[in-house]
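# An overview of the molecular structure
Each chain, written out:
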Amino acid sequence: MGLFRRDKKESKEQEMAPAEPMTRDRRLESKAESEMTEGDFSYYGKEREGLGRRVGRRLLGVLKPVGLSIRKQVVKFGEDWIFLFLLGICMATISFSLDVIISKFQRANLWVYDTLESYRYLQYFSWVLYHVLLMMVSAGVAKYISPQAAGSGIPELKVTLRGVVLAEFFTFKTFIAKYIGVICTLAAGSTIFLGKVGPFVHISAILATLLGKIMVKFSGTKENHARKYEMLIAAAAVGVACCFVAPVGGVLFSVETTATHFAVRNYWRGFFAATCSALMFRLLAVVNKERETVAVLFSTSWRVEFPFDLPEFLSYALLGVVCGCLCCAYLFCHRNLLLFLENTASIKKFLTNNKILYAGFVALVLSSITFPHGLGQYIGSRLSMKEHLETFFNNVTWGIEELSVTNSTRQPPNPTYNDTWLQWTHPGLSSLEMLTFFVVLKFFLLLFATTMTVPAGYFLPVFVYGAGLGRLYGEIMAKIFPEGIISEGINIKITPSGYALAGAAAFSGAVTHTISTAVLVFELTGQMSHILPVLIAVLIANAISQRSQPSFFDGIIIVKKLPYLPKLTFGKTGAHDIYAEDFMITDLKYLVKGFKYKDIRDLLKASDLKQFPLVDSQGTKILLGSIKRKHLAKLLSEQLSTERRLQYLLDQSTAGTNVSNDLTIQSENGATIQRLQQGENPANTELGDGTCSTDDTILSDSEAHARIFRDGKRRKTSKKRFQYYTMDGREVYDSQTVREVEEWECRQLQETVRMEELIIDPAPYRLVEKETLYQCYDLFNLLGLRTAYVTSTGRLVGVVSLKELKDAVHGSVKGTFTRREIPKEIVVEGTQDPARTTLVRRTSQIPESSA
C-alpha cells in the first residue's frame, strides 16, 4: 500500500516539474516505465478483482472443454440433420404465429364492422380504412426497410439457384420487412386476395442462410456454395410445407418451381425438413386447441367408394381444358399489364416515387368493390381465403340445398351463419349466379392487386380461384345431371366438391407450370379417391398453358429482366439441328500472351466485359485461359499508382540521378531534410513505339474497381500538382507537373505484363462448334454458366453468353430462329498491337450481362 502511495506522490512531483525536451533515450525510458506501471496496476487489479469475475472465468474454463466435446459430437452426428430440424421447427412456429396474428386482425375488423351495423357510412369507412392502412404499411416496409422484400421472392430464388447470387435478398433486414409486410397483406383477407406461399419460401430461404452462417461458425468449417445450394432447396420445401401442412407436395412443388435440374441426393433434406415443419405445425394447432388431434387442414366428408365413374373422366378432362384456356388469358393479361406499367415512362416514374400512395389507392378501390353491403355480398367478401376453400370443398350440392333454405335466412351478409357455405346464398340470386359473379370479378381484381409493390404471394389466390372455378363447373354439372351419371345401370351423383378439388389443382398448376399441385390437394384434404380425374385435369391444363404462355414466375423474371433461361420446349427436334456456331458471337475481345499494360488499357476502354480470354498468339489463337476484368483493372491501377511513381523518384534520387521535379523528403523526427533540385527532365527520351501520347495516358489514384480511363478532356500540362504523401513513415511533397506525370505513365504502359502476376483461370468453360442447342441449354443450367467459349481443336472461334442462348431458345420455341452466316474469309482489323486486333465475323457486340 505504501508503494502505491509513493508512486502516486512521485507522479505528482513529475507533473509539477518543468517539461524537458523528449529525446530518443528519454522516450525509451518512459515507455519502459509505462510498461512497468501497467504491470503493477494489473497486479493490484487482479488482487482486487471481484469474486464474480473469478468464478465466471473459472466456469468458462470448465465449460470450454464441454462445448468443444458437444461440437465434436454434433459434427460427428451430422450438422445437416440438426440444421434441417431447426429450420423446420422455426418455420412452423413462424407460420403458426403469423396465422394466429392474422386471425385476430380479421376478427377485430369484423367485430368493428358488426358493431357499426346501424351506421352504414361508418361501416364503409371502417372497412375501407382497415384495408388501406394495412396495405400502406405493407408497402412502407418494402420501401423503407428493404426494397428486396417486395413481391413473391420465388423468382429471385430461382435466379439464385441458377447461379446468380442476389445477396441483398437473404439478409435479416429483408426477413423483418417480409414478415411484417406479409402480416399486413394477409390480414387484409380476401379483399386484397393475395397469399403467403411465395413470401414464406423467401423467408425460409433467408432463415436457412442465417442458420447456415451460425452452423458454419459452430462447426468451425468454411462456407460451401454447393452445401448452400442444397440448404436453399430444403428451405423452399419447408416454406411450402408450413403453409399447407403438406410435406410431400411441398417438396415436389418447391422442386418444380425453383429448380431446373434437381439432384436426387437432395430429396432427403427437403423431406426431412418439410416433415418436421408440418408435424410441428399440426402439434401447435393441437396445443392451441384449434384441433382435437393431428388432422388434415381441410377435412371433408366425401364418399370414398365409387365417387365417380368412367364417363366422368371426360367431364374432368373438359374442366382441364377450361382451366388451361382461362390460365393462358390470365398469364397473358398479367405479364402485359406489368410490361405496360414498366415501359410507360410517366407511369413508371409515378409508381417508383409513390409506391405507398399507389398501394393505398388500390386498397381503396378493392375494399370499395368488396364492401359486404355492396358488391361484396355477391362474392362472399366476409369469408377469409381459408374459409373460401372450406366452402368450395364442402360436400354439399348448393343448388339442391339452397332450395330448402328459407328467404329469411338468406339475408347477406349474415355473420350468424352456422354453415359458412350459406354466405353463398342470396334472396335475389342463386348460388350458381353468385359463383359466376365471383369468377368473373375476381379475375380482374386479382390482376389489379398484383400491380402493388408489397410483400405478397400469388399461389394461394390462384389456388382459391381455381377451386371457385371448379366449384362453378361442378354445380353446373349437378344442375345438368340432377340424377347423376348412369353407369352400368347405377346412378352416381355428381360431387361438385370433387370438381372444386380438380379445379384448384389444375388452375394453380397451369399458372405455375407444375404437376405437384395434385399432390398438394390430396394432402390438404386427405382424399385420394379423386387422384385419377385430378391428374387428368392438371395434365391437360398444363399442356395448354406450357404450350402458350410462360409460367407466372417466369413472367415476373421476364418483366424484371433477371438473368434466367426460359424453358426449352421438349418434344421438338428443331433444337437438335441448331449448333453453337449458329448463334455464337465471333467479334472477340481477347489478350495475347506477352501483352503490355497499354493493351489492358485499350481493352478495358473498348469493352465492358467481366472477363477476357487469353490466347497464345494472334495466329493460332489457342485458348490458354481467361482473366477477370477486376484483376486487370487492379494490375493497371497498381502500375500507374502514385506510390509506384514516388517510389521510382526516390530510387532515382538515391542513385544520384537527376529527377524532373522538386521533391522534399522529411523524416519522422524532423532531423533530416533532403532537397532535390529540379534538373534535366529524363522523360525526354523516346517513349517506346510512339503509340502512347499524353492524351491517352491515365492518372490513376482510384481504387482497383473504379473505371481507369479518362473522360477525354485535355489537361493543362503546365499545371502544378502540390500534394503531400506519406511513404514508409516519411512525408513526401510532390510538385511534379501533369505533363511529367503523363510521360512517366507512358513509359509504364510500355512495359510487358509478367505472367506470374496474372491470376488466370486455366480451364474456362468451353463448347465445341457442333454442340447442339439442347446440350448448351443443359450445360448452362446444370453449371450455372453465364459465359462459355467456343473452340475448334483448341482454337478460340467464338463465345456464347446467356443472352445469345436466350435468343436461340426463344427462336427455337417460336420457330423464328435463323442461322447466322459465317463469312468464308476472316477479316482482321486493327494495328500491329496484338491485343487490339479483332477477329470479325459479324458486327454485334457481347452485352454487358454476358460475363
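These figures come from a predicted structure and were not determined experimentally.

Each value, and the rule that gives it
Residues numbered from 1 in each chain as written. Predicted model: local features only at pLDDT ≥ 70, side-chain atom pairs only at ≥ 80, totals over all residues. Heavy atoms only, no water. Salt bridge = Lys/Arg side-chain N within 4 Å of Asp/Glu carboxyl O. Buried < 20%, exposed > 50% of the residue type's maximum accessible area, 1.4 Å probe, protein only. Helix = DSSP H or I, 4+ residues; strand = E, 2+ residues; numbered from the N terminus. Contact = heavy atoms within 4.5 Å. Core = buried A, V, L, I, M, F, W, Y, C linked by side-chain atoms within 4.5 Å. Pairing = 2+ DSSP bridges. Axes fitted to C-alpha atoms, helices over the stretch in contact; angles between N-to-C directions. pLDDT = per-residue confidence, 0-100. Right-handed = clockwise from strand over helix to strand, strands pointing away.

## Comments concerning the pattern of salt bridges
Opposite charge on two side chains lets them pair, provided their charged atoms get close. A complete count under the given rule lists 13 salt bridges for this structure. The shortest N-O distance in the salt bridge between Arg 120 and Glu 117 comes to 3.7 Å. Judged by its relative accessible area of 38%, Arg 120 is partly exposed. Under the relative-accessibility criterion, Glu 117 is labelled partly exposed at 38%.

## With respect to the environment of Leu 134
Looking at the secondary structure, you find Leu 134 in helix α5 (residues 120-144). Put simply, Leu 134 and Cys 184 are 50 residues apart on the chain and 5.1 Å apart in space, counted from C-alpha to C-alpha. If we skip the residues at most four places from it in the chain, Leu 134 touches Phe 105, Cys 184, Ala 187 and Ala 188.

## With respect to the environment of Ala 456
Structurally, Ala 456 is set in the loop between α17 (431-449) and α18 (459-480). Along the primary structure Ala 456 and Gly 151 are separated by 305 residues, whereas in three dimensions their C-alpha atoms are 5.5 Å apart.

## So, the nonpolar core
Phe 244 and Met 452 are the most contacted members of the largest nonpolar core, which totals 130 residues. Ranked by the residues each element gives to this core, the list is headed by α18, at 12 residues. Counting residues in hydrophobic clusters, the runner-up holds 21 residues, among them Met 584, Leu 767, Leu 773 and Ala 788.

## Focus on the sheet that holds strand β12 (residues 795-801)
The 3 strands lie next to each other as β10-β11-β12, forming an open sheet whose pairing is mixed. In this open sheet, the two strands that pair with only one neighbour each are β10 (766-768) and β12. With direction set aside, neighbouring strand axes in the sheet form an average angle of 35°. Here helix α28 (residues 773-783) sits on the sheet in contact with β10, β11 (787-792) and β12, set at roughly 170° to β10.

## So, the confidence of the model for the protein
The share of residues in the protein with pLDDT of 70 or more is 72%, and the mean pLDDT across the chain is 75. Under a pLDDT of 50 for its full length, residues 1-47 has, in the predicted model, 5 contacts with residues more than four places off or in other chains. Throughout residues 693-722 the model reports pLDDT below 50, and contacts reaching past four residues in sequence, or to other chains, amount to 65 contacts.

## Description of unusual backbone geometry
Peptide bonds are, in most cases, trans, and in most cases residues other than glycine have a negative phi. Its identity as a non-glycine residue notwithstanding, Phe 193 has a phi of 65°, on the positive side. Tracing the backbone shows Phe 193 in the loop between α7 (172-187) and α8 (197-219). Positive phi is not limited to glycine here, since Lys 561 has a value of about 60°.

## Description of the sheet that holds strand β5 (residues 623-628)
What the 3 strands build is an open sheet, ordered β3-β4-β5; its pairing is mixed. Taken across any chain shown, the strands that pair with only one partner, and hence form the sheet edges, are β3 (591-592) and β5. Two elements, β3 and strand β4 (residues 611-615), share 2 bridges in a ladder whose sense is parallel. The residue bridging Leu 591 from the neighbouring strand is Leu 614, located in β4.

## Remarks on the pairing of β11
Successive residues of a regular strand alternate their side chains across the two faces of the sheet. β11 sits mainly inside the fold: 5 of its 6 residues count as buried. Relative to β11, β10 runs parallel, the two being bridged by 3 bridges. Bridge pairing links Val 768 to Thr 791 in β11. Taken together, β10, α28 and β11 form a β-α-β motif whose crossover is right-handed. Bridge count between β11 and β12: 6 bridges; the pairing is antiparallel. From the neighbouring strand, Thr 787 faces β12, where its bridge partner is Ser 801. The turn linking β11 back onto β12 is made up of 2 residues, and Thr 793 within it adopts a positive phi angle of 50°.

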